[in-house]
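Below are the chains, spelled out letter by letter.
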Amino acid sequence: MQCKYPESLSVLISYLKKLPGVGTRTAERFAFELLRWQPEQLSAFGLQISALPHNIITCQTCGCLKNQNVSACNFCNTTFRDSSSLCILSSPRDVYSIEETRAFKGLYHVIEHLLSPLDGRHATSLRIDRIAQRIEQNGVKEIILAFDSTLEGDTTALYLKEQLSPYSISISRLAFGLPVGSSLEYIDGGTLARALFGRQTV
Ligand SMILES: [Zn+2]
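Residues numbered from 1 in each chain as written. Predicted model: local features only at pLDDT ≥ 70, side-chain atom pairs only at ≥ 80, totals over all residues. Heavy atoms only, no water.

A. The packing of aromatic side chains, seen in detail. This model, assessed by the stated rule, comprises five aromatic pairs. Ring centres of Phe 104 and Tyr 108 lie 5.3 Å apart, and the angle between their planes is 55°; this geometry places the pair in the tilted category. With respect to burial, Phe 104 and Tyr 108 carry one shared label: buried. Members of the aromatic cluster, each reached through a chain of ring pairs, are Phe 75, Tyr 96, Phe 104 and Tyr 108. (Phe/Tyr/Trp six-rings, centres within 6.5 Å; stacked < 30°, edge-to-face > 60°. Buried < 20%, exposed > 50% of the residue type's maximum accessible area, 1.4 Å probe, protein only.)

Next up, the structure:
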């Protein structure tokens, strides 16, 4: 099939289409908009994109994102945060959703993924030892499991509850107000704040 656009433009459009929610028409609109930008703007934009893997790294302690050039992670600062409360999530993106609610002031712990044995995502990669270490180090008294309301979220919550049962801590899970099958990423702040206040012991 003959391509209607010059090759470089087609390639750009195909990259833009990889972004969530961007179809062909939107990708074309973005590409034509970029063609109107000043060369300096384009090069600054390109530089930010190409430097992402170098500039943004994962905090070794909590798994949240941080800039490579700063030593301390914003979310691990126990001077300003309540270290007795630990919120466990499955994506660094979800940390920002919880932060936006302003309803949680504790520490975060991001696990690599939710359990899904069929997809080869097993319990060993949850690194329970790292969670246990943080419970002991910070004197954690409460754990909030902030997982998607899906089968994988349920499985992971049950597994963690079982594994962490030797510790005398309260373990709750976001529940109230969250539609079944929903991703935290798409939940508005108000609903998420209600879910946080209405968390249920698991
Ligand atoms: Zn951290």
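B. Broad picture of the coordination of the zinc ion. Within the first shell, the zinc ion binds the protein through Cys 59 (SG), Cys 62 (SG), Cys 73 (SG) and Cys 76 (SG), at distances of 2.3 to 2.5 Å. Donor residues for the zinc ion, ordered by position in the chain, follow C-x2-C-x10-C-x2-C. The exposure class assigned to Cys 73 is buried, which follows from its relative accessible area of 6%. (Donors = N, O, S within 2.8 Å, 3.2 Å for Na, K, Ca; no water.)

C. View of the layout of surface pockets. Each pocket or cavity is described by its volume, and for the largest pocket that value is around 400 Å³. Forming the walls of the largest pocket are 16 residues, and the residues nearest its centre are Leu 12, Leu 16, Leu 34, Phe 45 and Ile 49. Residue composition of the lining of the largest pocket, grouped by class: 13 nonpolar, two polar and one charged. Of the pockets and cavities examined, the second largest pocket occupies roughly 250 Å³. (1 Å grid on protein atoms, 1.4 Å probe; cavity = no way out; pocket = protein on both sides within 12 Å on 5 of 7 lines; lining within 4 Å. Points joined across faces, edges and corners; volume = space filled by probe spheres on them. Nonpolar A, V, L, I, M, F, W, Y, C, P; charged D, E, K, R; others polar.)

D. Highlighting the environment of Ala 193. Along the polypeptide, Ala 193 turns up in helix 7 (residues 189-197). C-alpha separation for the pair Ala 193 and Ser 14, spaced 179 residues apart in sequence, amounts to 37 Å. (Helix = DSSP H or I, 4+ residues; strand = E, 2+ residues; numbered from the N terminus.)

E. Just the pattern of salt bridges, in detail. Tallying each qualifying case throughout the model produces six salt bridges. Here Glu 99 and Arg 81 are joined by a salt bridge, their closest N and O atoms 2.7 Å apart. With Glu 99 in helix 4 (residues 92-101) and Arg 81 in the loop between strand 2 (65-67) and strand 3 (82-89), this pair connects stretches of sequence that are 18 residues apart. A relative accessible area of 13% means that Arg 81 is categorised as buried. (Salt bridge = Lys/Arg side-chain N within 4 Å of Asp/Glu carboxyl O.)

F. Quick peek at the pairing of strand 3. Sheet topology places strand 3 next to strand 4 (residues 106-110); five bridges connect them, and they run parallel. For Asp 82, the partnering residue across the bridge sits in strand 4 and is Gly 106. Since strand 3 and strand 4 lie parallel, the crossover through helix 4 that links them has a hand, and here it is right-handed. As paired elements, strand 3 and strand 5 (residues 142-146) share five bridges and run parallel to each other. (Pairing = 2+ DSSP bridges. Right-handed = clockwise from strand over helix to strand, strands pointing away.)

G. Expanded view of a nonpolar patch on the surface. Nonpolar side chains collect at one region of the surface, where Leu 52, Ile 56, Leu 65 and Tyr 96 lie side by side and expose about 310 Å² of accessible area between them. Within the secondary structure, Ile 56 is located in strand 1 (residues 56-58). (Patch = residues over 30% accessible without salt bridge, like charges linked within 9 Å, V, L, I, M, F, W, Y side chains within 5 Å. Areas by Shrake-Rupley, 256 points an atom, 1.4 Å probe, with all protein chains shown as cover.)

H. A look at the nonpolar core. By size, the foremost hydrophobic cluster in this structure holds 21 residues, and its most contacted members are Cys 64, Ile 98, Tyr 108 and Leu 174. Those elements that place two or more of their residues in this core are strand 3, helix 4, strand 4, strand 5 and helix 7. The element contributing the most residues to this core is helix 7, with three residues. When residues no more than four places from it in sequence are discounted, the contact partners of Tyr 108 are Cys 62, Cys 64, Phe 75, Arg 81, Leu 86, Cys 87, Leu 89, Val 95, Ile 98, Glu 99 and Arg 134. Ile 128, Ile 131, Phe 147 and Ala 157 belong to the second-largest nonpolar core, a separate cluster that totals 19 residues. (Core = buried A, V, L, I, M, F, W, Y, C linked by side-chain atoms within 4.5 Å. Contact = heavy atoms within 4.5 Å.)

Worth remembering: the numbers are spatial, not functional.
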